[in-house]
Structure formats: C-alpha cells, structure tokens
Amino acid sequence: MAKRNRIPFLFLFVQNRPFTHRNRRAKGVVRSRTGYYAVTNINTGVLIALLLTAFGGWSLADPLISLVIALYIIKSAIGLAHESINVLMDRSLPVEIDRTIAEIVARYRTMGVRGFHDLRTRRSGSQKFIDLHLEVDRDKRFEEAHGLTVRVLRAIEAEIPRSKVHIHSDPVE
Ligand SMILES: [Zn+2]
C-alpha cells in the first residue's frame, strides 16, 4: 500500500526539478522567485508525505497532502500568471503618480508654468514612462521656456524612481 502511494509523489518531485532550474535562469525576463519557493515548498510536502506513509503508516497522509499540494500549485500558478501579465502588458501607473506630477508642476507656477494636460503614464517592466504637455506662459522667451521644461522634467525624474519623462511644451496665455 505504502509502496504504491510513493509513485505519484516521486513523479511530482522529478517533474518539478527542471521547472526550478528554468526559473533561476530566466533572470532577464521575470525576476520572480515565487516559482522557486513554490517548488521548494512542494518538495518539503513530498518529503513529509513520504516519511508519514513510510514510517507512520498513515495511509490518509498521501491523498491529503496530494490535495494540499494541488491547491498550492493552483495558487502559485495564478500568482505567477498575474505577475507575468502585469510585466508584459502596458499598465498605467497608480493615481498617486499623477498627483505627484501635479504637485511638482505646481511648484513652477510662479516661474511661468501654467499647468499641464495630456498626461499619460505607463509601466514597462520596472521602468515608468511619463508623457505630458506642459503649459508655459507664451510671453517667456524660447530659452526660458525650454529651461523651465527641463527643470520640470528633471524634478519629476528625480522624485519618481526609475522614470523616463518626455515633455512637450505648449505656449498659453
Ligand atoms: Zn498640448
């Protein structure tokens, strides 16, 4: 009885090894350790089940731990899929970023920055891309307007980590 029960566990153990290695190697794409931890925990479960069936003679350990492992695999798979989708899809940044940008732009109001529009944010991997139109007082000289744009751009990049900002300036009344 105990001998027959060991087969699916051993199969699972062997099956999971290449998965672990593949995860370690795929550093460039998704630096996720979730997969690795999932496999480590599953292997611990396998060991406990083997010990319980082999030495404890508790026949219920096999189906119970199998069920727990199955649920754990499903849970990890969902977690990994969610993480990968977030990385692969262009997602806009959280609203707090919009607020931070508005706050930074407002600091330059007295210098001739009237506001901004067409703000677009997106995340690509760990990088944040921010695009906006800056409204600069039309009476400013070209050099001054350019200087202001650069200052706003650098302020945003300095305050939002890993951000790449692109600003197009519009003259306003
Ligand atoms: Zn515009």
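Residues numbered from 1 in each chain as written. Predicted model: local features only at pLDDT ≥ 70, side-chain atom pairs only at ≥ 80, totals over all residues.

Asker: Sorry, what's going on with the overall build of the chain here?
Answerer: Looking only at helices and strands, one finds 5 helices and 3 strands in the chain. Of all 173 residues assigned to the chain, the portion counted as buried reaches 16%. (Helix = DSSP H or I, 4+ residues; strand = E, 2+ residues; numbered from the N terminus. Buried ≥ 20, exposed ≤ 12 C-beta atoms within 10 Å, placed from the backbone.)

Asker: Just checking my understanding: could you explain the nonpolar core for this structure?
Answerer: Soluble, globular proteins show a tendency: their nonpolar side chains are buried together. Among the nonpolar cores identified, the biggest contains 13 residues, and Val113, Leu134 and Val152 are the most heavily contacted of them. Among the secondary structure elements, those contributing two or more residues to this core are helix H4 (95-106), strand S1 (113-124), strand S2 (127-137) and helix H5 (142-159). Per-element accounting of this core gives the leading share, 5 residues, to H5. Leave out the neighbours within four places in its chain, and Val152 touches Ile104, Val105, Tyr108, Val113, Leu134 and Ile167. (Core = buried A, V, L, I, M, F, W, Y, C linked by C-beta atoms within 7 Å. Contact = placed C-beta atoms within 7 Å.)

Asker: Looking at this model, I keep getting lost on the pairing of S1. Mind explaining?
Answerer: For a regular strand, side-chain orientation follows a simple rule: the groups alternate between the two sheet faces. Relative to S2, S1 is paired through 9 bridges, and the arrangement is antiparallel. When the sheet's bridge partners are listed, Gly115 is paired in S2 with Glu135. Turn length for the S1-S2 hairpin, with the two strands adjacent in sequence and antiparallel, is 2 residues, and the turn residue Gly125 shows positive phi of about 65 degrees. (Pairing = 2+ DSSP bridges.)

Asker: Just to check I follow, could you spell out the sheet that holds S2 for this structure?
Answerer: What links the strands of a sheet is backbone hydrogen bonding, and the strands pair in either a parallel or an antiparallel sense. Strand order in this open sheet of 3 strands is S1-S2-S3, and the pairing throughout is mixed. Every interior strand has two partners, whereas the edge strands, S1 and strand S3 (163-172), have only one. Neighbour-to-neighbour, the strand axes of this sheet turn through a mean angle of 15 degrees, independent of strand direction. Strands S1 and S2 of the sheet are contacted by H4, whose axis makes an angle of about 150 degrees with S1. This element, H5, spans S1, S2 and S3 of the sheet and lies at about 150 degrees to S3. (Axes fitted to C-alpha atoms, helices over the stretch in contact; angles between N-to-C directions.)

Asker: Would you mind going over the packing of H4 against H5 with me for this structure?
Answerer: Helix-helix packing is described using two parameters, namely the angle between the two axes and the distance between the axes. For the pair H4 and H5, interaxial distance at closest approach is 10 Å and the crossing angle is 140 degrees. Taken as axis vectors, H4 and H5 run oblique relative to one another. As for how H4 packs across H5, the hand of that crossing is right-handed. Here Thr100, Ile101, Ile104 and Val105 of H4 lie close against H5, whose contacting residues are Val152, Ala155, Ile156 and Glu159. Split by residue class, the contact of H4 with H5 holds 6 nonpolar, 1 polar and 1 charged. (Parallel < 35°, antiparallel > 145°, perpendicular 65-115°, else oblique. Left-handed = near helix turned anticlockwise from the far one by under 90°. Nonpolar A, V, L, I, M, F, W, Y, C, P; charged D, E, K, R; others polar.)

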